[in-house]
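# Coordinate inspection notes
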Amino acid sequence: MISSYMIKNNKSLLLGSKQVKEMGSQGKIDILKVGVFSDKTHWLGVPLKVEDKAIGIMVVQSYTNSNLYNKNDLKLMEFVSEQVATAIERKRMEEELKKLAHHDPLTGTYNRGYGLELLQRQVKLAKRNKTSFLLAYTDLDNLKRINDEFDHEEGDKAIVQMANLFQSILREVDIIIRIGGDEFLLVFPDSSLKQIPIIEKRLYAKLARKNRVSNKPYKIGFSIGFSCYNSEHPKSIEDLMRIADQEMYKNKKG
């Protein structure tokens, strides 16, 4: 295709049917994949460049006038493409900065600051809708041993494995927050105490499967404790975290 050729070669093209046929005969493009291209077709395309690398293309095409575009049109399109590419790159960078501000760089989960904001919003939402939600506090059981025996890089990998496990099990509406080290908060909107056994069963079943297929010289494990926000008997975020933390340590000792 002409578009693929443009991106690969990172250059503008002004083509009529004669030029397209020549490119096909030279093996530069597959003429069968060009699509509709008659003797009256005129094609003008310019790459969208960011740091001299093509991230896309802009194309205009006429099917009725083989002399519709000229070199001045090409220069105009190149000018416009520079503005468009700059806008696209600026938006990409804004999204990247936003992600860095909200997400933990190691695990990709929400970081502590933004995660606690989301948790506060969840409290307000539950109050307004008179609903409940679960908060889980969890940490990796054997991180110190992994760090001591295999180094801290391997410990980081174990933390990432645990985050990936949570992400593979939790619903899209659930929230995962890395609050520091190997400690995570899990938020389960519209959930109550009766869902805890179901959640634990799914998490530990997934953990067992992960450890069975792992080629690591160690097994990962985690302890988890829950608290429940009930709009009829509301608790502060601090109390919810404290209760879940206490339940987690009971779990760990058990």
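Structure's up top.
First, a word on scope: everything that follows refers to the structure included in this document. From a predicted model like this one, the values you see are computed outputs, not experimental measurements. (Residues numbered from 1 in each chain as written. Predicted model: local features only at pLDDT ≥ 70, side-chain atom pairs only at ≥ 80, totals over all residues. Heavy atoms only, no water.)

## Examining the pattern of salt bridges
As enumerated under the stated definition, the model contains ten salt bridges in all. Salt-bridge contacts for glutamate 149 lead to arginine 145; the nearest nitrogen and oxygen are separated by 3.4 Å. Taken together, the residues span about one helical turn, with glutamate 149 and arginine 145 both in helix α5 (residues 143–150) at a distance of four residues. What makes arginine 145 partly exposed here is its relative accessible area of 35%. The salt bridge partner of lysine 216 is glutamate 154, with a shortest N-O separation of 2.9 Å. (Salt bridge = Lys/Arg side-chain N within 4 Å of Asp/Glu carboxyl O. Helix = DSSP H or I, 4+ residues; strand = E, 2+ residues; numbered from the N terminus. Buried < 20%, exposed > 50% of the residue type's maximum accessible area, 1.4 Å probe, protein only.)

## So, the packing of helix α6 (residues 152–169) against helix α7 (residues 196–213)
Remark: α6 packs on α7, axes separated minimally by 10 Å, with the N-to-C direction vectors making an angle of 130°. The orientation of α6 relative to α7 falls into the category oblique. In the packing of α6 onto α7, the handedness of the crossing is right-handed. Residue-level contacts link Gln161, Leu165, Phe166, Ser168 and Ile169 of α6 to Arg202, Leu203, Lys206, Leu207 and Lys210 of α7. Taken together, the residues that form the contact of α6 with α7 break down as five nonpolar, two polar and three charged. (Axes fitted to C-alpha atoms, helices over the stretch in contact; angles between N-to-C directions. Parallel < 35°, antiparallel > 145°, perpendicular 65-115°, else oblique. Left-handed = near helix turned anticlockwise from the far one by under 90°. Contact = heavy atoms within 4.5 Å. Nonpolar A, V, L, I, M, F, W, Y, C, P; charged D, E, K, R; others polar.)

## With respect to the sheet that holds strand β3 (residues 53–62)
Spatial strand order, β1-β2-β3: three strands in an open sheet with antiparallel pairing. At either margin of the open sheet sits one strand with a lone partner, and together these are β1 (13–16) and β3. Going from strand to strand, the sheet's axes swing by 20° on average, the running direction of each strand aside. Looking at chain direction, β1 and strand β2 (residues 42–50) are connected through four bridges and run antiparallel. Within the sheet, the bridge partner assigned to leucine 15 lies in β2 and is tryptophan 43. Where helix α1 (residues 2–9) meets the sheet, its contacts fall on β1, β2 and β3, and the angle it forms with β2 comes to roughly 35°. (Pairing = 2+ DSSP bridges.)

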